[in-house]
Amino acid sequence: MAGGGLEDSVMRLLNMPAELATQTVLDTVETSTSSKIGRYEQALQIKQNLLAKVEALSEKDPDRFNPDLADCLDGMGLDLSKLGRHEEALEAFQRAVSIGEALAKKDPDRFNPGLANSFQKLGFTLGELGRHEKAFQAYQTAASIREAVEDSPLPKTLG
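As a starting point, this report considers the structure included with it. (Residues numbered from 1 in each chain as written. Predicted model: local features only at pLDDT ≥ 70, side-chain atom pairs only at ≥ 80, totals over all residues. Heavy atoms only, no water.)

Further remarks concern the overall build of the protein. Within the protein, the regular secondary structure consists of seven helices and zero strands. Of the regular secondary structure in the protein, the N- to C-terminal order runs α-α-α-α-α-α-α. Going through the 159 residues of the protein one by one, you find that 40% of them count as buried. In the protein, the proportion of contacts linking residues at least 24 apart, taken out of those at least 6 apart, comes to 56%. (Helix = DSSP H or I, 4+ residues; strand = E, 2+ residues; numbered from the N terminus. Buried < 20%, exposed > 50% of the residue type's maximum accessible area, 1.4 Å probe, protein only. Contact = heavy atoms within 4.5 Å.)

Here we come to helix α4 (residues 62-82). The end-to-end C-alpha distance of α4 is 29 Å, a good match for the 30 Å that 21 residues give at a rise of 1.5 Å each. For α4, the tally of buried residues reaches 15 of 21 residues, placing the bulk of the element in the interior. Where α4 terminates, the next one or two residues include G84, which has phi positive at roughly 80°. (Expected span 1.5 Å × (residues − 1).)

Attention now moves to the nonpolar core. Judged by nonpolar contacts, the single largest core of 28 residues is most densely connected at F119 and L122. When contributions to this core are tallied by element, the ones reaching two or more residues are α3 (40-60), α4, α5 (86-106), α6 (108-128) and α7 (132-151). Examining the composition of this core, we find that eight residues originate from one element, α5, more than from any other. When near neighbours in sequence (up to four residues on either side) are disregarded, F119 contacts V97, E101, A138, T141, A142 and I145. (Core = buried A, V, L, I, M, F, W, Y, C linked by side-chain atoms within 4.5 Å.)

Attention now goes to the packing of α4 against α6. When two helices pack together, their arrangement is given by the angle between the helix axes and by the axis-to-axis distance. Close contact between α4 and α6 brings their axes to 11 Å; oriented N to C, the two are set at 25°. Here α6 runs roughly parallel to α4, going by the angle between their axes. For the pair α4 and α6, the crossing hand works out as left-handed. Note on element contacts: α6 touches α4 through F111, S118, K121 and T125, opposite P67, D74, L78 and S81. Residue composition of the contact of α4 with α6, grouped by class: three nonpolar, three polar and two charged. (Axes fitted to C-alpha atoms, helices over the stretch in contact; angles between N-to-C directions. Parallel < 35°, antiparallel > 145°, perpendicular 65-115°, else oblique. Left-handed = near helix turned anticlockwise from the far one by under 90°. Nonpolar A, V, L, I, M, F, W, Y, C, P; charged D, E, K, R; others polar.)

For the rest of this paragraph, the subject is the pattern of salt bridges. One pass over the structure, following the stated rule, counts six salt bridges. Residue E55 is joined to R95 by a salt bridge in which the shortest nitrogen-to-oxygen separation is 2.8 Å. With E55 in helix α3 and R95 in helix α5, this residue pair connects regions lying 40 residues apart in the sequence. For E55, a relative accessible area of 24% puts it in the partly exposed group. When its relative accessible area of 36% is taken as the criterion, R95 is described as partly exposed. Residue R85 is joined to E88 by a salt bridge in which the shortest nitrogen-to-oxygen separation is 2.8 Å. (Salt bridge = Lys/Arg side-chain N within 4 Å of Asp/Glu carboxyl O.)

Close contact between α5 and α6 brings their axes to 8 Å; oriented N to C, the two are set at 160°. Between α5 and α6, the crossing angle belongs to the class labelled roughly antiparallel. The two elements α5 and α6 cross, and the hand of that crossing is left-handed. Here the contact of α5 with α6 is built from residues that sort into 13 nonpolar, six polar and five charged.

What follows concerns the environment of L80. Structurally, L80 is set in helix α4. Among the residues examined, L80 registers a relative accessible area of 3% and is labelled buried. The spacing of L80 and A43 is 37 residues in sequence and 9.9 Å in space, taken between C-alpha atoms. For L80, the contacting residues outside a window of four places in its chain are L44, R85, E88 and A89.

This is the structure:
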């Protein structure tokens with residue numbers, strides 16, 4: 001969600017309090033490993049713990065930590081979906097989209113790609129819940145955002 005890929009993630013980690021940054025890296029590695037071997041409940045527990053920490057930081061400094069909050073919510077939504085807990089996944093994706101929309105208003109080049117991904121995950125989850133019209137709308141929104149991203153000029157530093 002946060003956009004910018006690895007470089008952005010590293011910069012956010014460098015700006016976090018040291019204890020949280022270390023825990024975030026460890027949790028990310030453990031979560032990734034757990035997900036890859038099918039331990040979604042374990043991965044979800046790790047993400048829930050991390051989410052609580054990031055939510056607290058986001059309340060104090062939303063500009064700095066809302067991208068991380070959206071990422072955490074997206075990850076939780078994926079694990080909840082894999083566990084068949086689609087209503088809970090829906091709530092996570094809806095929160096991620098809401099945060100992503102606010103971020104994209106401030107910096108569309110950076111946050112629109114992640115926002116499109118969140119809308120796509122939201123659409124999938126809505127489809128799983130049988131809410132096909134809303135799923136279609138979410139997919140349309142994702143496609144519109146992707147088109148806008150593809151049509152936007154390269155940043156001046158790359159062009």
